[in-house]
Amino acid sequence: TTQPPHRASSSSMFALTRATRVRVPCQRTSHRASSRRSLSSAIRAEDRSASGGRSDEAPVFARLAPPRDALDAFNARCAGELWLAPLTKGGNLPFRRLVAEEFGAKVTVSEMAFARFLLRGNRVERARLRRTNDASLGGVFGAQIATNAIAEGVRAGIMIAESGDVDFLDLNCGCPIHETWKRGLGAALLKKPAKLERLVEGIANGVPLPLTVKIRLGIDSVTPARRIAESLENAGAAAIIIHGRTKEQRYTKSSDWDAIREIVSERNIPIIGNGDILTYYEARDRIEASGVAACMTGRGALIKPWIFQEFRENKAWEPTTEERVGVYHRLRELMRECWGDDTIGKERFDTFMPWHLGFFCRYRPLPESVFGGRALDDPLLQSRLGLAVDGEGDFNDLPIVEQLLRCESEDAHAAISEILWNSDTAGDAMDALESAAKASLKTWQEQVAAGDRGSSDDTIRG
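Residues numbered from 1 in each chain as written. Predicted model: local features only at pLDDT ≥ 70, side-chain atom pairs only at ≥ 80, totals over all residues. Heavy atoms only, no water.

For the chain, the count of helices and strands is 20 helices and nine strands. Looking at the 462 residues of the chain, the share that counts as buried comes to 56%. Roughly 19,200 Å² of accessible area belongs to the chain as shown, and the carbon and sulfur atoms make up 45% of that amount. (Helix = DSSP H or I, 4+ residues; strand = E, 2+ residues; numbered from the N terminus. Buried < 20%, exposed > 50% of the residue type's maximum accessible area, 1.4 Å probe, protein only. Areas by Shrake-Rupley, 256 points an atom, 1.4 Å probe, with all protein chains shown as cover.)

Written out as structure tokens, the structure reads:
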């Protein structure tokens, strides 16, 4: 497989790093404990510098930024594509394999990993960055990290680059959840644009991979977004990914594509638009209307993983009930391949598959001929769609397994998950799902009607 241009040049740059990098703690220490102490000291020093000092007080690194032609080649590979967003929990390796290997997602991004824990050797954080088999298919894979310190970000970026499995690094500056916010990470970085600019400049110069930066429009106002985008371009970001909402909006408002379009008109680096992409025609129309270099989808992919195939072919795939069960059973196979079919593997499966079913149940066929006209003004992902949509007739006339797959009860999701685990084939799963629906669907539907559907979490970190 032909390696991306920037990756081909990275080995020589790594050699230069080892020879010329200066004032990097633990570079020559021989004992692991001493190395960890030196690294911790550097991280603490950089934290102090980033919080109140000047950028020239940070540790000095050799300039490893990819050359201009490598950045241009990277952006050319990603242009016009529908990207898979970094998704907490949803961005697990089996799901990324599903969208990349089965449905042709060309650009995918890992779950967010905390840079500090990566450097400490945390296995969970490192596992988040495992690549699928998409390289042989020409795929582009990015690793997303969260950090607020230049030294920490550079070391994590170099460690990731030296794995040889990553095409670009993405800095999370958009995560709204409290766990990240309280650490001064994610969307918290938008509070201090000058500090963010120094952070991005330091990491972009110190890592031999293209650096993209994922932001929201602001904290509680979209006003800072244009200034932040300008500073990120000046700092050396290869591209900016913009989620068209503020931190405080979470997912309560529709994504502001007008604000994204305005930023696109002012910037000279690629802008990737993110927010409310559920169908291939919404992605196509957003690219055309806003001028973004590419689109990114998160929740849309969780609801219908085949959106990438639809986008590439520019036509809808409206799977039958049997075909949808086949997709979910394939995800079950990928989970077993990744995590095993023993007790530990089953525990992980029980953690992830019911969660995925909480998104799968929201699938509805939305043909462009019926829904395309309203999608730009009223994003379908934000719309209240019934259990059956226009053109499907009465919900109760749908096949009983289809009714089950659309049920929002967590008890139903747990039962479907168990059936998928125990079924050797998708056909076996269909038979078992039909039996379960006949026995329990009415009870699960009554739970939902009574408001007892279990907890629902649309908070996607990244």
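Structurally, Arg406 can be placed in the loop between α18 (400–405) and α19 (410–422). Under the relative-accessibility criterion, Arg406 is labelled buried at 2%. Once residues lying within four places of it in the same chain are set aside, the contact partners of Arg406 are Cys361, Tyr363, Arg364, Pro365, Leu387, Ala388, Glu392, Phe395 and Leu398. (Contact = heavy atoms within 4.5 Å.)

For the rest of this paragraph, the subject is the confidence of the model for the chain. The predicted coordinates of low-pLDDT regions are not to be read in fine detail. When pLDDT is averaged along the chain, the result is 86; 84% of the residues meet or exceed 70. Scored below 50 in pLDDT, residues 1–57 shows 75 contacts in the model against residues more than four places distant or in partner chains. Predicted confidence is poor over residues 455–462, with pLDDT under 50, and the contacts of this stretch with residues over four places away or in other chains come to 32 contacts. (pLDDT = per-residue confidence, 0-100.)

So, on to empty space enclosed by the protein. What the rule picks out here adds up to four cavities of 30 Å³ or more. By volume, the largest cavity is sized at about 180 Å³. His243, Tyr251, Asn274, Gly298 and Arg299 are, among the 23 residues lining the largest cavity, the residues nearest its centre. Elements that contribute at least two residues to the lining of the largest cavity include exactly β6 (211–216) and α13 (299–303). Ranked by residues supplied to the lining of the largest cavity, first place goes to β6 with three residues. Within the lining of the largest cavity, the residues separate by chemical class into 10 nonpolar, eight polar and five charged. (1 Å grid on protein atoms, 1.4 Å probe; cavity = no way out; pocket = protein on both sides within 12 Å on 5 of 7 lines; lining within 4 Å. Points joined across faces, edges and corners; volume = space filled by probe spheres on them. Nonpolar A, V, L, I, M, F, W, Y, C, P; charged D, E, K, R; others polar.)

This paragraph deals with the environment of Asp378. Within the element layout of this structure, Asp378 appears in the loop between α17 (368–375) and α18. Taking the relative accessible area as the measure of exposure, Asp378 reaches 34% and is therefore partly exposed. For the pair formed by Asp378 and Ser254, sequence separation is 124 residues and the distance between their alpha carbons is 8.1 Å.

Going residue by residue along strand β9 (residues 294–297), you find Ala294 and Met296 tucked away on one face and Cys295 and Thr297 tucked away on the opposite face as well. Sheet topology places strand β8 (residues 271–274) next to β9; three bridges connect them, and they run parallel. Bridge pairing links Gly273 to Cys295 in β9. In this fold, the crossover linking β8 to β9 by way of helix α12 (residues 280–290) has right-handed handedness. (Pairing = 2+ DSSP bridges. Right-handed = clockwise from strand over helix to strand, strands pointing away.)

The next subject is the state of the cysteines. In the structure shown here, the tally under the stated rule is zero disulfides. Free cysteine: Cys407, not disulfide-bonded; nearest cysteine sulfur from Cys361 at 7.7 Å. (Disulfide = S-S within 2.5 Å.)

This part covers the pattern of salt bridges. In this structure the tally under the stated criterion is 31 salt bridges. Between Arg324 and Glu402 there is a salt bridge, with its nearest N and O atoms 2.5 Å apart. Placement of Arg324 in helix α15 (residues 321–339) and of Glu402 in helix α18 is noted, with a sequence separation of 78 residues between them. Note on Arg324: relative accessible area 0%, which makes it buried. Linked through salt bridges whose partners overlap, the residues forming this network are Arg97, Glu101, Glu102, Arg330, Glu333 and Glu337. (Salt bridge = Lys/Arg side-chain N within 4 Å of Asp/Glu carboxyl O.)

With that out of the way, let us pick up the nonpolar core. Core analysis: the largest hydrophobic core is formed by 125 residues, its most contacted members being Trp83, Leu196, Val200, Ile215 and Leu232. Looking at this core, the element that brings in the most residues is helix α20 (residues 426–449), giving eight residues. When near neighbours in sequence (up to four residues on either side) are disregarded, Leu196 contacts Cys173, Leu189, Leu190, Ile228 and Leu232. (Core = buried A, V, L, I, M, F, W, Y, C linked by side-chain atoms within 4.5 Å.)

The subject of this paragraph is α12. The buried count for α12 comes to eight of 11 residues, which makes it a mostly enclosed element. Within α12, the full set of buried residues consists of Tyr280, Tyr281, Glu282, Ala283, Asp285, Arg286, Ile287 and Ser290. Following α12 by one or two positions, Gly291 adopts a phi angle in the positive range, close to 80°.

Bringing the packing of aromatic side chains into the picture now. Applying the stated criterion across every chain yields a total of 12 aromatic pairs. Summarising the aromatic geometry, the rings of Phe74 and Phe168 are spaced 5.1 Å apart at their centres and angled 50° between planes, so their arrangement reads as tilted. Of the two residues, Phe74 is situated in helix α3 (residues 68–78) and Phe168 in strand β5 (residues 168–173); the sequence distance between them amounts to 94 residues. Exposure class is identical for Phe74 and Phe168. Each is buried. An angle of 35° between the planes, with centres 4.9 Å apart, marks the rings of Trp339 and Phe352 as tilted. Of the two residues, Trp339 sits in helix α15 while Phe352 sits in helix α16 (residues 343–360), which places them 13 residues apart along the sequence. For the residue pair Trp339 and Phe352, the accessibility class agrees, reading buried in each case. (Phe/Tyr/Trp six-rings, centres within 6.5 Å; stacked < 30°, edge-to-face > 60°.)

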